[in-house]
Amino acid sequence: MKSDQCVLLVEDDRVDAMTVQRAFRQIKASNPLQVVADGEKALEFLRDPTRPRPGLILLDLNMPRMNGIEFLATIKADPGLKPIPVVVLTTSRVDADRLASFSHSVAGYMIKPVDYDQFVEVMRLIKNYWITSETAE
C-alpha cells in the first residue's frame, strides 16, 4: 500500500475509532485515516468518485444498519470494490463470524485487544504487513 493511500475505518463505536486514530499516530502511520460509522456509510464513501480510494479497509463486524458481514458480501460482489483488501478488526470471537469473513475473502481477522499497548501492537502488525505487501492496484 502506498503511503499516501487512505485507510478506511468502518467502526460505529466512537471510542474504538478514537483508539485506532490514537494508535495510528503512535505507530506513525503516514496513511490518512477516514472513519465512517457503518456499512452503508462505507458504501457511500467507496462509491463517491470525489473520495479517495482506500488502500485498505479496517472493518468492525457488529454495527447498526448494515453489519460487517453484509458489507463484505456487497463489496466482494462489486468488481470495482472487490480488489480493496479488508482486515476485520472486531471483538467477535464467534467462529461463524470468522468463517463468514474469510468466505468473503478478507485479508485478515484481528481481535481487538482490550489492553491499549496490545492494540497498538496489532495496528503495528497490520501497518508493517501492508507496507511490505504487494497489492492489485
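Because the structure is predicted, anything quoted here is derived from the model rather than measured.

A.B. asks: Before we go on, may I ask you to explain the pattern of salt bridges in this structure?
C.D. replies: For side chains bearing opposite charge, pairing can occur when the charged atoms are close. Throughout the structure, instances matching the rule amount to eight salt bridges. Of the charged contacts in the structure, one is a salt bridge between aspartate 60 and lysine 112, with a shortest N-O distance of 3.7 Å. Of the two residues, aspartate 60 sits in the loop between strand E3 (56-59) and helix H3 (68-76) while lysine 112 sits in the loop between strand E5 (108-111) and helix H5 (116-132), which places them 52 residues apart along the sequence. One salt-bridge network, held together by shared partners, links Glu11, Asp16, Asp60 and Lys112.

A.B. asks: Any chance you could explain the packing of helix H1 (residues 14-26) against H5 here in plain terms?
C.D. replies: Two quantities define a packed helix pair, namely the angle between the helix axes and the distance between the axes. Direction vectors running N to C along H1 and H5 enclose 65°, while the axes themselves pass 9 Å from each other. Between H1 and H5, the interaxial angle falls into the category roughly perpendicular. Handedness of the H1/H5 crossing: right-handed. Contacts from Thr19, Val20, Arg22, Ala23, Phe24 and Gln26 in H1 reach Tyr116, Phe119, Val120 and Met123 in H5. Its residues assigned to classes, the contact of H1 with H5 comprises seven nonpolar, two polar and one charged.

A.B. asks: When you look at the sheet that holds strand E1 (residues 7-10) in this model, what are you seeing that I'm missing?
C.D. replies: Within a sheet, neighbouring strands are paired by backbone hydrogen bonds and run either parallel or antiparallel to one another. The parallel open sheet is built from five strands, whose spatial order is E2-E1-E3-E4-E5. The sheet is open, and its two edges are formed by strand E2 (33-36) and E5, each paired on a single side. Each adjacent strand pair in this sheet contributes to an overall mean axis angle of 20°, direction not counted. Bridge analysis of E1 against E3 gives four bridges, and the strand direction is parallel. Each bridged residue has a counterpart across the sheet, and for valine 10 the counterpart in E3 is leucine 59. H1 contacts E1, E2, E3 and strand E4 (86-90) of the sheet and is inclined by roughly 175° relative to E2. In the packing of helix H4 (residues 95-103) onto the sheet, the strands contacted are E4 and E5, and the crossing angle to E5 comes to about 150°.

A.B. asks: When you look at the side chain of glutamine 5 in this model, what are you seeing that I'm missing?
C.D. replies: Among the secondary structure elements, glutamine 5 is positioned in the segment before E1. Beyond its immediate chain neighbours, meaning those up to four positions away, glutamine 5 contacts Asn31, Pro32, Arg53, Pro54 and Gly55.

A.B. asks: Can you help me understand unusual backbone geometry in this one?
C.D. replies: Residues apart from glycine generally show negative phi values, whereas peptide bonds are mostly found in trans. Residue lysine 28 is not a glycine yet carries a positive backbone phi of 60°. On the secondary structure map, lysine 28 appears in the loop between H1 and E2. Look at serine 105: it is not a glycine, yet its phi comes out positive at around 60°. Among the structural elements, serine 105 can be located in the loop between H4 and E5.

Cut-offs used in this document
- Residues numbered from 1 in each chain as written.
- Predicted model: local features only at pLDDT ≥ 70, side-chain atom pairs only at ≥ 80, totals over all residues.
- Heavy atoms only, no water.
- Salt bridge = Lys/Arg side-chain N within 4 Å of Asp/Glu carboxyl O.
- Helix = DSSP H or I, 4+ residues; strand = E, 2+ residues; numbered from the N terminus.
- Axes fitted to C-alpha atoms, helices over the stretch in contact; angles between N-to-C directions.
- Parallel < 35°, antiparallel > 145°, perpendicular 65-115°, else oblique.
- Left-handed = near helix turned anticlockwise from the far one by under 90°.
- Contact = heavy atoms within 4.5 Å.
- Nonpolar A, V, L, I, M, F, W, Y, C, P; charged D, E, K, R; others polar.
- Pairing = 2+ DSSP bridges.

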